[in-house]
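Here is what each chain is made of, one letter per residue.
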Amino acid sequence: MLKGKTALVTGSTSGIGLGVALALAREGANLILNGFGDVEGPKAEVAALGVKVGYHGADMSKPADIAAMVAYADAEFGGIDILVNNAGIQHVAPVQDFPVEKWDAIIAINLSSAFHTTRLALPGMLKKNWGRIINVASAHGLVASAQKSAYVAAKHGLVGFTKSIALETATSPVTVNAICPGWVLTPLVQKQVDALAAKDGVSNDEAKRRLLAEKQPSLQFTTPDELGALTVFLCSDAAINVRGQAWAMDGGWTAV
Ligand code: NAD
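What counts and how
Residues numbered from 1 in each chain as written. Predicted model: local features only at pLDDT ≥ 70, side-chain atom pairs only at ≥ 80, totals over all residues. Heavy atoms only, no water. Core = buried A, V, L, I, M, F, W, Y, C linked by side-chain atoms within 4.5 Å. Buried < 20%, exposed > 50% of the residue type's maximum accessible area, 1.4 Å probe, protein only. Helix = DSSP H or I, 4+ residues; strand = E, 2+ residues; numbered from the N terminus. Contact = heavy atoms within 4.5 Å. Near = heavy atom within 4 Å. Polar contact = N/O pair within 3.5 Å; in protein donor to acceptor, adjacent residues only side chain to side chain. Areas by Shrake-Rupley, 256 points an atom, 1.4 Å probe, with all protein chains shown as cover. Nonpolar A, V, L, I, M, F, W, Y, C, P; charged D, E, K, R; others polar. Pairing = 2+ DSSP bridges. Axes fitted to C-alpha atoms, helices over the stretch in contact; angles between N-to-C directions.

**Q** Describe the nonpolar core, naming the residues involved and giving the relevant values.
**A** Judged by nonpolar contacts, the single largest core of 31 residues is most densely connected at Leu24, Leu31, Val46, Ile82 and Val84. Looking at this core, the elements with two or more residues in it are strand S1 (6-9), helix H1 (15-26), strand S2 (30-34), strand S4 (82-85), strand S5 (131-136) and helix H8 (224-235). A total of 8 residues in this core trace back to one element, the largest contributor, which is H1. Residues contacting Leu31, with those up to four places away along its chain left out, are Ala7, Val9, Ala21, Leu24, Ala25, Val46, Lys52, Val53, Gly54 and Phe77. In terms of nonpolar packing, the next biggest core, distinct from the first, is built from 28 residues, Met60, Met125, Val174 and Ala178 among them.

Structure below.
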């Protein structure tokens, strides 16, 4: 379905981003990966699906790096057709103890990076008369939790940003939406499972159960594959009139 398109998925060396990249590659899209840590493993997984795969190591907290990544996409892939703003970090602390540098990093990586990629990639999409922008927000883009002020502020901001750009592009063939996962068992969440296990003095499995029971009525983690399938749907022709939505996939978290 997406043969001939190029997708840039930020933060795609791990977790949700990698799951989304693989789902898009299964539909034939060429992929530009981004993120830290092991690069060769994810690149090989995507390449095994028979698509062209590239990588740019832009630090998503740095606007100049982001501009260099979009220039790389233009030069090596002829532009970006599908932009998935996924890179993100978390830090948990009460607001009076929240480290200022963590606040700044979360706002830069989880929110401002989407502004920079969007402002740089959108003109090419409009020129080519096709485009999809999908912002990976969170259930925390719709509701709050204590001790996550920066993350909740960034994700609510990302949902608001999504709506604005969806309105600006409403009569164009470019759609802009957010997806809002609940708990997904990735390294970002495993850190929170570890912290809960240590705090409550329980096993890893019991900590996972408690984490889910607190927020996610389905008691099941959402998976990167499920989020990949939702992303593929948002890229389909059938989704042309889905615009400015914040689509939850959260096991009922935000239904309460
Ligand atoms: P993860 O830690 O597995 O992956 C994060 C990715 O972002 C990695 O590839 C990492 O290298 C990259 N990254 C981090 N900082 C970066 C930077 N400065 N520049 C470039 N890349 C950077 O986390 P994940 O759980 O897969 O999270 C992906 C997105 O999904 C995040 O935006 C997160 O907020 C969101 N999300 C996660 C969950 C969850 O339960 N895991 C729930 C809702 C939303």
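That covers the picture; the talk isn't over yet.
**Q** Explain the site of the ligand residue by residue, including any values.
**A** Close to the ligand lie 30 residues, the nearest being Ser14, Asn86, Tyr151, Val184 and Thr186. Contact distances for the ligand include 2.7 Å between an oxygen atom and a backbone N or O atom of Asn86. Considering the ligand on its own, with 830 Å² of exposed area, one finds that the protein chains cover 93% of that surface. Mapped by element, the contributors of at least two residues to the shell around the ligand are H1, helix H5 (149-168) and helix H6 (187-200). Here the shell around the ligand gets 3 residues from one element, more than from any other, and that element is H6. Considered class by class, the residues forming the shell around the ligand number 16 nonpolar, 12 polar and 2 charged.

**Q** Hey, could you go over the side chain of Asn135 for me, with residue numbers and the actual values?
**A** Checked against the element boundaries, Asn135 lands in strand S5. Here Asn135 is in contact with Asn85, Ala114, Leu158, Phe161, Thr162, Val176, Asn177, Ala178 and Ile179, once residues within four sequence places are set aside.

**Q** If you had to explain the sheet that holds strand S6 (residues 174-181) to someone new, which residues and values would you point to?
**A** Pairing in this open sheet of 7 strands is parallel, and the strands run S3-S2-S1-S4-S5-S6-S7 from one edge to the other. With one partner strand each, in any of the chains shown, strand S3 (53-56) and strand S7 (246-249) form the two edges of the open sheet. Geometrically, the sheet is characterised by an average inter-axis angle of 20 degrees between neighbouring strands, direction not taken into account. By the bridge criterion, 4 bridges tie S2 to S3 in an arrangement that is parallel.

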